[in-house]
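# Remarks on the overall topology
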Amino acid sequence: MASGTTTPGFAQDIKPLFREDDREAMEYAFDLWAYQDVRDHADGILERLEDGSMPCDGEWPTEQIELFRQWITAGYPA
C-alpha cells in the first residue's frame with residue numbers, strides 16, 4: 001500500500017501481516033486469516049497489538065499497528 005494514497009484492504013494489506021504461526025496460536029479463538037473473524041475481533045486485536053501482547057513472540061512495528069488502525073477507521077474494507 002502506498003503511504004497515504006489508498007485505503008488498506010484486508011486481503012492485500014491486513015491478512016499478510018499475520019504469519020502462519022500467529023494464525024495457529026489464535027486458532028482456538030478465531031482465524032486471523034478470515035476476514036469476518038478479524039473484523040469481529042478488530043478492536044481486541046488492536047488493543048493487544050498496542051500493548052505488545054500480540055503477537056506472542058514480539059511486538060509489531062509501529063507502521064504495521066498504524067496500518068491495522070487505518071483499516072479499522074476506514075470501515076474494515078475487504
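Quick notes on the rules
Throughout this document, residue positions are counted from 1 along each chain, in the order its sequence is written. For this predicted model, a pLDDT threshold of at least 70 governs which residues receive local features, and a threshold of 80 or more governs which side-chain atom pairs are given and counted, while totals over whole chains, interfaces and linings are taken from all residues. Calculation of side-chain values draws on the structure's entire complement of heavy atoms; hydrogens and water are dropped beforehand. In this text, buried Ala, Val, Leu, Ile, Met, Phe, Trp, Tyr and Cys residues form a nonpolar core when linked through side-chain atoms within 4.5 Å. Accessible area is worked out with a 1.4 Å probe on protein chains only. A residue is then buried under 20% of its type maximum, exposed over 50%, and partly exposed in between. Strands are runs of DSSP state E lasting at least two residues, helices are runs of H or I lasting at least four, and both sets are numbered from the N terminus onward. Grouping into patches uses exposed residues only, defined as over 30% relative accessible area, and leaves out salt-bridged ones; the cut-off is 9 Å for like charges and 5 Å for nonpolar side chains (Val, Leu, Ile, Met, Phe, Trp, Tyr). Each accessible area is a Shrake-Rupley estimate made with a 1.4 Å probe; only the visible protein chains count as cover when residues are assessed. We define a salt bridge as a side-chain nitrogen of Lys or Arg found within 4 Å of a carboxyl oxygen belonging to Asp or Glu. Counting rule applied: Lys, Arg positive; Asp, Glu negative; His and chain ends not counted. Here the site of a charge means NZ on Lys, CZ on Arg, CG on Asp, or CD on Glu.

## Digging into the nonpolar core
One finds I14, F18, L32, V38, I45, F68 and W71 to be the most contacted residues of the largest nonpolar core, which totals 20 residues. When residues of this core are traced back to their parent elements, those giving at least two are helix 1 (10-14), helix 4 (42-51) and helix 5 (62-73). For this core, the element with the most residues is helix 5, which contributes 5 residues.

## Topic: a negative patch on the surface
Together, E20, D21, E24 and E27 give the surface a local cluster of negative charge. Note on placement: E20 falls in helix 2 (residues 20-26).

Note that every value here comes from positions in space, so none of it alone points to a role or purpose.
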